[in-house]
Amino acid sequence: LTSNEGYLAGAVTRMAGKTVFGVQHGGHNGYIDDNSAHGHTEYAHYDKMITWGWTKIDDHLPHCETIPLPSPKLSEQPLKSNYLEKIKSTKTNKRDILFLSNLFHRFPNPSTCGQSRVDFIDEISNSQEDLMCSINDAGLTISHKPFSMKYVDLYPEHYRRLEMAGGASYHLLNSTHKGLTVKLINTCRIVLYDQIGTGTLECLTSEVPIMVFWKRIYSRESSYARDLVAALEQYGIVHSNTDTLVEEIKTYLDDPDKWMNNTERKQAIQNFCQKFALTDPHWYKKW
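This section reports on the structure supplied with the text. Fair warning: this is a prediction, and the values are worked out from it, not measured in the lab.

## Quick notes on the overall build of the protein chain
A count of helical and extended segments in the protein chain gives 14 helices and 9 strands. A burial count over the protein chain gives 52% of its 287 residues as buried. Of all intrachain contacts in the protein chain linking residues separated by at least 6 positions in sequence, the fraction that spans at least 24 positions is 70%. Of the roughly 13900 Å² of accessible surface on the protein chain, 51% is carried by carbon and sulfur atoms. Placing the 31 positive and 34 negative side-chain charges of the protein chain at their respective mean positions leaves the two points 6 Å apart.

## Some points on the packing of helix α5 (residues 121-137) against helix α11 (residues 242-254)
The geometry of α5 relative to α11 is characterised by a closest axis approach of 10 Å and an angle of 40 degrees between their N-to-C directions. When the axis of α5 is compared with that of α11, the two are oblique. Here α5 and α11 pass one another in a crossing that is right-handed. In this structure, α5 uses D130, L131, S134 and I135 to contact α11, whose residues at the interface are T242, L245 and V246. Looking at the contact of α5 with α11 residue by residue, the classes come out as 4 nonpolar, 2 polar and 1 charged.

## Observations concerning the nonpolar core
With 78 residues, the main nonpolar core has L180, V191 and F272 as its most contacted residues. What F272 contacts, discounting residues up to four positions off in sequence, is Y31, I196, L201, L204, L228, V229, L232 and A277.

## A look at unusual backbone geometry
At D34, a position not held by glycine, the phi torsion is positive, near 55 degrees. Along the chain, D34 turns up in the loop between β1 (21-23) and α2 (36-41). The residue Q77 is not glycine, and still its phi comes out positive at about 45 degrees. Of note, Q77 is situated in the loop between α3 (72-75) and α4 (83-89).

So, how was this worked out
- Residues numbered from 1 in each chain as written.
- Predicted model: local features only at pLDDT ≥ 70, side-chain atom pairs only at ≥ 80, totals over all residues.
- Heavy atoms only, no water.
- Helix = DSSP H or I, 4+ residues; strand = E, 2+ residues; numbered from the N terminus.
- Buried < 20%, exposed > 50% of the residue type's maximum accessible area, 1.4 Å probe, protein only.
- Contact = heavy atoms within 4.5 Å.
- Areas by Shrake-Rupley, 256 points an atom, 1.4 Å probe, with all protein chains shown as cover.
- Lys, Arg positive; Asp, Glu negative; His and termini not counted.
- Charge placed at Lys NZ, Arg CZ, Asp CG, Glu CD.
- Axes fitted to C-alpha atoms, helices over the stretch in contact; angles between N-to-C directions.
- Parallel < 35°, antiparallel > 145°, perpendicular 65-115°, else oblique.
- Left-handed = near helix turned anticlockwise from the far one by under 90°.
- Nonpolar A, V, L, I, M, F, W, Y, C, P; charged D, E, K, R; others polar.
- Core = buried A, V, L, I, M, F, W, Y, C linked by side-chain atoms within 4.5 Å.

Okay, structure coming up:
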C-alpha cells in the first residue's frame, strides 16, 4: 500500500465499504520501539494487517487489527543449508565473519526509531570502525558487504577508515546485489548483522550461524520484545559491545557444532521467532 497507487486503491476500497488488508513484508515490525515509519505509512491505512506473529502496536502510533500468521517467505527457509558440514570440509578457504551492514539514509528521514537517519551517521561510522579494530586485534578475518555499493560511493572516506582499522583482516566486497544467498554465506564461517532486520530473521529461521552487533544507536527493542531480546543477549546472539562479541565469535569458532546446538540458545531463538518471525512448513493451510 505504501505507494501513490496503493493509497488510491486503499481510498477507493474504503469508499466502496470494503476492508483494506495489509501484509507484513519485512522485519522491524512489532519488536522495534516507536516504529513510526511503518506506523504512519502503513498501519494508519489498514483495517487489518497480517503480521509475522506479533499483535501489539505502540499506543501512540496508528492502530489496525493484527492477524498473526506464519510468513510464507520465512517458512520456505530460502537460506537453509548444511553450513556446519561445509565449515568443517572447507575451513581453510573461508574467512571468519561475513558482516552485512545496514543502509545509510542520505537525507534526513521522518522516522523516530528503526531507521538509520543521517543525523546518527557519525555514531554509526565510529561503531563500525571500533568493530573492525576489535576484529583485527583478535586475529579474526572479516568480509564486509555494504547494503548497497552506492553508499561506498557516497561515503568513500568512511570505507577507507574501515580498511585502515581492519588492516589485513578486512575485505570489502564489491557486491552488486542487495540480498543474501547460500553461496555468499558459505564464503565465511558466521554471519554478522548490525541490527535485527529482515536478513537477521531469514538467518534465524533458516538456522544460519549468526550474531548481531546492535548498539541501539538509532533503534531499540520494544517493551513487548524486551525479554525475548534479553534472552538472545544472554545466549550470545545479540551483543552491544565488541568485547563480548569477539569472545563469543571465538567460542563459536572453537566448536561450531556445540555452539549451534546449545539447547538454551536454540530455545531463545525459537521463542523470539515464534513471536516476530513465525514459520510453518504448512503455512498455506494456516492462511
